[in-house]
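Report on the structure
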Amino acid sequence: MKASEVPDFVAEMIAAGCDICAVGHYLFVAGDMDPSEAAMKEVKRIGEKFGDTDPVRQEIVDYLWSIGRYVELPSESTRH
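Now for a quick tour of the structure. (Residues numbered from 1 in each chain as written. Predicted model: local features only at pLDDT ≥ 70, side-chain atom pairs only at ≥ 80, totals over all residues. Heavy atoms only, no water.)

Concerning the pattern of salt bridges
- For the coordinates displayed, the defined rule picks out 6 salt bridges.
- Taking the shortest distance from any N to any O, the salt bridge between Glu12 and Arg45 comes out at 2.9 Å. One end of the pair, Glu12, is in helix α1 (residues 6-15); the other, Arg45, is in helix α2 (residues 37-50), and 33 residues separate them in sequence.
- Judged by its relative accessible area of 36%, Arg45 is partly exposed.
- Between Lys49 and Glu12 there is a salt bridge whose closest N-O contact spans 2.6 Å. With a gap of 37 residues between them, Lys49 in helix α2 and Glu12 in helix α1 connect regions that are remote in the sequence.
- One connected set of salt bridges, linked through shared partners, spans Glu12, Glu42, Arg45 and Lys49. (Salt bridge = Lys/Arg side-chain N within 4 Å of Asp/Glu carboxyl O. Helix = DSSP H or I, 4+ residues; strand = E, 2+ residues; numbered from the N terminus. Buried < 20%, exposed > 50% of the residue type's maximum accessible area, 1.4 Å probe, protein only.)

Geometric descriptors of this kind do not, in isolation, establish any biological role.
In structure tokens:
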């Protein structure tokens, strides 16, 4: 995945019913979602379309913070 694809990746994950959010300032999770087979296939398709997220993990986290999709960790709240 390229950094320029982050907004589209996040938008598609949200549209698929995945509650993607940053956890702290360094990680993100694809949280609660519809456990249906169709939803699972859609998330798999998105993963295949965009590829490995590791190279742009920080960009994804930063983008999620910028759109208000984050959980701030108490241990990090004094660092930023």
